[in-house]
Amino acid sequence: MTSQNYQWVGERPRGTRGWLTTGAVVLIVLWTLNWSAQGAQLSLGELAAGLPQIGDFLSRTFPPDLSILPRLLAPAVETLQIAIWGTLLGVLLAIPLSFLAARNLSRNRWVFHATRQALNFTRSINELILALIFVSAVGLGPFPGVLALALHGLGMLGKFFAESIEEIDQGPIEALQATGARPLQVIVFGVLPQVITAWIAVILYRFEVNLRSATVLGMVGAGGLGFELVSSLKLFKYQETATCIIVITFMVIVADAISSRLRAAIQSGSAH
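Since this is a predicted model, take the numbers as computed values, not measurements.

This next bit is on the overall build of the protein. Helix and strand counts for the protein come out as ten helices and zero strands. Going from the N terminus to the C terminus, the protein shows its helices and strands as α-α-α-α-α-α-α-α-α-α. Taken over C-alpha atoms, the radius of gyration comes to 26 Å for the protein, far larger than the 19 Å a tight globule of 272 residues would show. When its C-alpha atoms are laid out on the principal axes, the protein stretches across 85 × 65 × 40 Å. Sequence separation of 24 or more characterises 76% of the internal contacts of the protein that already satisfy a separation of 6 or more. For the protein, the separation between the mean place of its 18 positive charges and that of its 15 negative charges on side chains is 8 Å.

What follows is the structure, encoded as structure tokens:
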């Protein structure tokens, strides 16, 4: 009886500390939400007051002007081309850097940290800002859009590639190194077979993201459907704007469906 009382008394402070910790975390979260809401100036009243203006804008977009669809074919193809080359260049740049940014492969810790920070820096800059920089450097057109997507994709893909390399089984790597294999042979025969499936899935997802981003880069002069979208907005041709949005949505849906099927096929193939 006494020992049970001692046990109960000993456990009570731990339970009290747990409740106090939980309460403190809840208070911190509530304070953070309130603080961020004030900084973001969240206001349901202003949103409710602005709903009529949103409704007025939407009413002006209907019915969509489908007569401009032939004119949007070339910009749509250009948007697709921007996304393809932005993804391809991002992959080609990210692959070599990912091996330097993988903790289990990078032998020099200074190179490892420098590469990681470079990847962090490139993906921290929005594609629109990068497109503005490249537009000022190489002029208007789709090429600055390709460069913007490639540079931003370098940071994102390099991070994902490096993390997938860090999760591989070290057994095949050590076996190849024990046989005297060169670093390139270790990568080709020990690393790539273990990460290629995950890499392809990430590349397909990145292509979807780039397709969405490519439709917006035209707003800063980087070509594609975004240019047509902004032009129609500036000229108050909202029915043409609706048509541009429909085309963009259709392209994204098709790309998502194809990408999902390819990822499912790859995953089922790797499972077998």
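Next comes the rest of the description.
To continue, consider the packing of aromatic side chains. Counting across every chain of the model gives four aromatic pairs. Judged by centre distance (4.3 Å) and plane angle (25 degrees), the rings of phenylalanine 161 and tryptophan 199 are stacked. Taken as a pair, phenylalanine 161 in helix α6 (residues 142-166) and tryptophan 199 in helix α8 (residues 183-217) lie far apart in primary sequence, 38 residues in all. Neither residue differs from the other here; phenylalanine 161 and tryptophan 199 are each classed as buried. The ring of tryptophan 110 has arginine 109 lying over it, and the distance from NZ or CZ to the ring centre is 4.6 Å. Positioned above the aromatic ring of phenylalanine 160, the side-chain terminus of lysine 159 is 5.5 Å from the ring centre.

Below, the discussion takes up the UniProt feature "transmembrane region" (unreviewed entry) in the protein. Using the residue numbers shown here, the UniProt feature "transmembrane region" (unreviewed entry) corresponds to residues 18-37, 82-102, 128-151, 186-207, 214-232 and 238-258. Across residues 82-102, helical content stands at 90% and strand content at 0%; the span's end C-alpha atoms are separated by 29 Å. End-to-end, the C-alpha atoms of residues 238-258 are 30 Å apart, and along that stretch the chain is 100% helix and 0% strand.

Under the defined criterion, the tally for this structure stands at four salt bridges. The shortest N-O distance in the salt bridge between arginine 206 and glutamate 127 comes to 3.8 Å. Residue arginine 206 is found in helix α8, and its partner glutamate 127 is found in helix α5 (residues 127-138); the two are separated by 79 residues along the sequence. Side by side, arginine 206 and glutamate 127 carry an identical accessibility label, which is buried.

Okay, the confidence of the model for the protein next. Here the protein averages 80 in pLDDT, while 91% of its residues score no lower than 70. The element-level mean pLDDT for the protein is lowest in helix α1 (residues 2-40), coming to 71, with helix α3 (residues 69-100) highest at 88. Note on residues 1-12: pLDDT under 50 across the span, and zero contacts to partners over four residues away in sequence or across chains.

Two packed helices can be described by the angle between their axes and the distance between those axes. Taken N-terminus to C-terminus, the directions of helix α7 (residues 170-178) and α8 make an angle of 165 degrees; their axes are 9 Å apart at the nearest point. Viewed along their axes, α7 and α8 adopt a mutual orientation that is roughly antiparallel. Our pair here, α7 against α8, has a crossing hand that is right-handed. Together, Pro172, Ile173, Leu176 and Gln177 of α7 and Gln185, Val186, Phe189, Gly190, Val191 and Gln194 of α8 make up the contact between the two elements. Considered class by class, the residues forming the contact of α7 with α8 number six nonpolar, four polar and no charged.

What follows covers the nonpolar core. In summary, soluble globular proteins display a tendency toward joint burial of nonpolar side chains. Among the nonpolar cores identified, the biggest contains 18 residues, and Ile165, Val191, Val195 and Trp199 are the most heavily contacted of them. Going through the elements one at a time, α3, α6 and α8 are the ones with two or more residues in this core. In terms of residues, this core owes the most to one element, α6, which gives five residues. If you look at the next biggest cluster of nonpolar residues, it comprises 14 residues, including Leu72, Ala76, Val247 and Ala255.

Time to look at α8. When the terminal C-alpha atoms of α8 are compared, their 40 Å separation across 35 residues is substantially less than the 51 Å that a helix rising 1.5 Å per residue should span. Most pronounced at leucine 192, the bend in α8 amounts to some 60 degrees, and the proline proline 193 follows within four residues.

Below, the discussion takes up helix α9 (residues 225-234). Within the sequence span of α9, burial applies to Leu225, Gly226, Glu228, Leu229, Val230 and Ser232. At the exit of α9 stands phenylalanine 236, carrying a positive phi of roughly 60 degrees.

Definitions and cut-offs
- Residues numbered from 1 in each chain as written.
- Predicted model: local features only at pLDDT ≥ 70, side-chain atom pairs only at ≥ 80, totals over all residues.
- Heavy atoms only, no water.
- Helix = DSSP H or I, 4+ residues; strand = E, 2+ residues; numbered from the N terminus.
- Rg over C-alpha atoms; globule rule 2.2 N^0.38 Å.
- Contact = heavy atoms within 4.5 Å.
- Lys, Arg positive; Asp, Glu negative; His and termini not counted.
- Charge placed at Lys NZ, Arg CZ, Asp CG, Glu CD.
- Phe/Tyr/Trp six-rings, centres within 6.5 Å; stacked < 30°, edge-to-face > 60°.
- Buried < 20%, exposed > 50% of the residue type's maximum accessible area, 1.4 Å probe, protein only.
- Lys NZ or Arg CZ within 6 Å of the ring centre and 35° of its normal.
- UniProt positions renumbered as here; feature names shortened; annotations may be inferred.
- Salt bridge = Lys/Arg side-chain N within 4 Å of Asp/Glu carboxyl O.
- pLDDT = per-residue confidence, 0-100.
- Axes fitted to C-alpha atoms, helices over the stretch in contact; angles between N-to-C directions.
- Parallel < 35°, antiparallel > 145°, perpendicular 65-115°, else oblique.
- Left-handed = near helix turned anticlockwise from the far one by under 90°.
- Nonpolar A, V, L, I, M, F, W, Y, C, P; charged D, E, K, R; others polar.
- Core = buried A, V, L, I, M, F, W, Y, C linked by side-chain atoms within 4.5 Å.
- Expected span 1.5 Å × (residues − 1).
- Bend = angle between axes of the 7 residues up to and from the residue.

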